Structure formats: C-alpha cells, structure tokens
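Residues per chain are reported as follows:
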Amino acid sequence: MNAFRPLGPLGFGGASLGNMYAPVDDETAEATLAAAWETGVRCFDTAPGYGLGLGEHRFGHFLRRRPREDFMLATKVGRLVRTYVNPAKQIVHGQGPGASESLIFKESLPFHIEVDYGYDAAMRSVEDSCQRLGISEIDIVFVHDLGSDHLGDAWEEHFDLALNGSFRALSELRDQGVIKAWGLGNNVVEPGIRALKEADPDVIQISGRYTLLEQPALDELFPLCAERNVSVMLGGVYNSDILAGGNHYDYTEAAPEMLAKRDRIQRICADHGVDIRAAALQFGAAHPVVATVLAGAKYPEKARENAEFMAAPVPSELWQELKSEGILPEDAPVPA
C-alpha cells in the first residue's frame, strides 16, 4: 500500500460549521474558514450529516474560490441526505452525531438522513457531495460512523454490508483516480481495527479516542496503522468541547466524573502555565501515525486560537507530570 498523508499538522474539523450545538450565520462561518486559511490550515474535513448538507455548502462556498491544488478536502459516506423520510433507514441507535442530527445540529437544512453503507449509496453520496460543495474533486472519502456508538448491536451487520458495498465503491473510485484515498471515520476504535485487517483503507479518522482524557486507540489501532503504513487524521482532541471550556463529552452532557478528570488535567496544565487546549492539540499531534489533528471552530478568533495553541511552548515537565499522575500512559508519545 502506498503511503497517503493528509496535509498537516493542523486541519479544520467541520462539524462546528454544520451548526453543532448552536447555529452560526453564513458570514461568520465564512470568516472562520478564512481565519483558518490565513493561519496556514489546508486540510478541511466535512460530512453530509453536518447540518444535513449545510456544512458541505459552507465549505464549498469558501474553498472553490481557492486554487484546487492548494488544499485537501475530505467528506464522508454512509448517510445520504434525502428530501423524504424512509422509516426503514431512519432507526439509528447510540449517542454519536448519527443518533439524531436534529438534536445535535441546529437550524439544519430541511432534509433527512438515510443510513446506507451499500455500494450504490456510496457512489451517489460522493456525487451528491461534489454538487453540494461545488467542487468536482474530493481528496479523501471516509465511511462515517460505522460503529456501535451509531448503530448499536447492528454495527457488524452494517460492516459486513460495507465490505462489499461502500468499501468496494471507494476502492474503485480511488483506483480510477476519482478520489485520492478512502478510510473510516469513527468515534470508536473497533471498526478501524477490523477494516485494517479485512480491507485496504489509506487513512483512518478517529475522534475522541486519543486525547488527554482517554487513549484506547494507542493499544491496537495505532500499531496496526503503523504496520500498514496508514495515516491517521485525529479528530475530537477536545472530546467534543470538554477540553475546550465546555461541558459536552461525546456529544452529550459530560458525567461528573469526566468533568472532575478534566478539572484535574486543567489544574496540572495551569501549574505549568499551559492552556489545556494547547496540551490537547499537541499531545494528539505527537504520535508518529498522526498526520493531521482536526480542530473545529465556529468563530474566527477560535480558528486563530487553535493555530496559536498548536505552536505554543509546552514544557516537558507537563508531560512528565501527566504520566506520573496516571493521566497519560507511560508509552504514549509526547512532544519533544
């Protein structure tokens, strides 16, 4: 397998501009993307489910006015944006974004989501995304939320469908040169592990599972990525927004014990004069398999802050204390 590396080290995660948790107007969304671009961000990740097409519209409006060779664009399949409701494909379990876009994304476009990991659905989804974006070339396409958090106990049944469905479709599109790479985008590690063993993804996007709060991707997923020469786009380094001043963890209200752990990490960071957001971004970027860390923003100042945090000085003593306190594993790579 040829190595494929997204443009990094800091990318833009697009859920926020699909109006996650609260709406933002088009002008602010445009200014936020412009601020990220000005800081040097060139890797942009969105999905049909972000605002039921709203996120893709906003990304496309901004990016199609930039030279196409200057940026890398990723979107996803697995959720078709439809004008009607198909009850047979509307039943989705779990707590992730697919559990209920209407609850997480506010003032979305007036459409509906149909969950489908089949071959024809993937082909249609890529075509639909190109039209919403107004861009004919998509670099990376991820199979979105093909896991238990989104699909409950049925996730393996959907995975089996995807093996000869969306996986095959995206492999063909890659081999034909229509896209440059494909992979899985999940909030749980099991689908990525299985895909690396049974298919040929080029890149894995994992969100929320390699952060200051928890690191389950470290045990098997990241070693498999290294073995297969597969890059990682790391999302969710703020675990929704709990590590960025909010109280959401995995898209829901954080439990008291999780808030307490966050407060403990925040105190340690403060003792070393470090903003917890800088530590979160830089910890995620330090693992050798991670090519890009995706950070979302809703406002221009937040996009600029993400770039500042990625470059902020962090003393090595902070990482040592986080390990000695049992917050980070001893074998977790940390910035030099």
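Shown above is the structure to which this text applies.
Conventions and cut-offs
Residues numbered from 1 in each chain as written. Predicted model: local features only at pLDDT ≥ 70, side-chain atom pairs only at ≥ 80, totals over all residues. Heavy atoms only, no water. Helix = DSSP H or I, 4+ residues; strand = E, 2+ residues; numbered from the N terminus. Contact = heavy atoms within 4.5 Å. Pairing = 2+ DSSP bridges. Axes fitted to C-alpha atoms, helices over the stretch in contact; angles between N-to-C directions. Buried < 20%, exposed > 50% of the residue type's maximum accessible area, 1.4 Å probe, protein only. Arc of directions from axis to C-beta. Right-handed = clockwise from strand over helix to strand, strands pointing away. Core = buried A, V, L, I, M, F, W, Y, C linked by side-chain atoms within 4.5 Å. Phe/Tyr/Trp six-rings, centres within 6.5 Å; stacked < 30°, edge-to-face > 60°.

Colleague: For this particular structure, what's the right way to read the environment of Ala195?
Modeller: Tracing the backbone shows Ala195 in helix α8 (residues 190–198). A sequence separation of 125 residues divides Ala195 from Gln320, and the C-alpha atoms of the two residues are 34 Å apart. Setting aside chain neighbours within four positions, we find Ala195 in contact with Phe159, Phe167, Leu184, Asp200 and Pro201.

Colleague: Looking at this structure, I do not really get the sheet that holds strand β7 (residues 181–186). What am I missing?
Modeller: Within a sheet, each strand pairs with its neighbour through backbone hydrogen bonds, oriented either parallel or antiparallel. Ordered by their spatial adjacency, 8 strands build a closed barrel running β1-β2-β3-β6-β7-β8-β9-β12, and the pairing between neighbours is parallel. The sheet shows a mean angle of 25° between the axes of neighbouring strands, direction not considered. In this structure, strand β9 (residues 231–235) lies alongside strand β12 (residues 290–295), joined through 3 bridges in parallel fashion. Each residue of the ladder has a partner; that of Val232, found in β12, is Val290. Of the strands in this sheet, β1 (10–13), β2 (43–45) and β3 (72–77) are in contact with helix α2 (residues 54–63), which crosses β2 at around 155°.

Colleague: Sorry if this is basic, but what is going on with helix α13 (residues 316–324) here?
Modeller: Within α13, burial applies to Leu318, Trp319, Leu322 and Lys323. Around the axis of α13, the buried residues are gathered within 130° of arc, so they sit on the same side. Seen from the buried face of α13, the exposed residues on the opposite side, beyond 90 degrees, are Gln320 and Ser324. On the buried face of α13, the contacting elements are α10 (256–271) and α11 (276–285). Within two residues after α13, Gly326 carries a phi angle of roughly 80°, on the positive side.

Colleague: Just checking my understanding: could you explain the pairing of β1 for this structure?
Modeller: Along a regular strand, successive side chains alternate from one face of the sheet to the other. The alternating pattern of β1 places Leu10 and Phe12 on one face and Gly11 and Gly13 on the opposite face, and all of these are buried. Direction of pairing for β1 relative to β12: parallel, over a ladder of 3 bridges. Bridging across to β12, Leu10 finds its partner in Val293. Alignment of β1 against β2, held across 2 bridges, turns out to be parallel. Note that in β2 the partner of Phe12 across the bridge is Phe44. In this fold, β1 hands off to helix α1 (residues 26–38), which returns the chain to β2; that crossover is right-handed.

Colleague: For this particular structure, what's the right way to read the side chain of Ser16?
Modeller: Summarising the element assignment, Ser16 is placed in the loop between β1 and α1. Each residue touching Ser16, except ones within four places of it in the same chain, is listed here: Gly296, Ala297 and Lys298.

Colleague: Mind showing me how you'd approach the nonpolar core here?
Modeller: Note on soluble globular proteins: their nonpolar side chains tend to be buried together. With 95 residues, the main nonpolar core has Phe44, Phe167, Leu212, Leu221 and Phe222 as its most contacted residues. If near-sequence neighbours (up to four positions away) are discounted, Phe222 is found in contact with Ile206, Tyr210, Ala217, Val232, Leu234, His287, Val289 and Val290. In terms of nonpolar packing, the next biggest core, distinct from the first, is built from 10 residues, Ala74, Ile140, Phe142 and Val203 among them.

Colleague: Teacher, can you tell me more about the packing of aromatic side chains here?
Modeller: Geometrically, a pair of aromatic rings is defined through the distance of the ring centres and the angle of the planes. On inspection of all chains with the given rule, the structure shows 13 aromatic pairs. Pairing Trp37 with Phe71 gives two aromatic rings, centres 6.3 Å apart and planes at 65°, and the pair type is edge-to-face. Here the residue Trp37 occupies a position in helix α1, and Phe71 occupies one in the loop between α2 and β3, the gap between them amounting to 34 residues. With respect to class, Trp37 is no different from Phe71; both count as buried.

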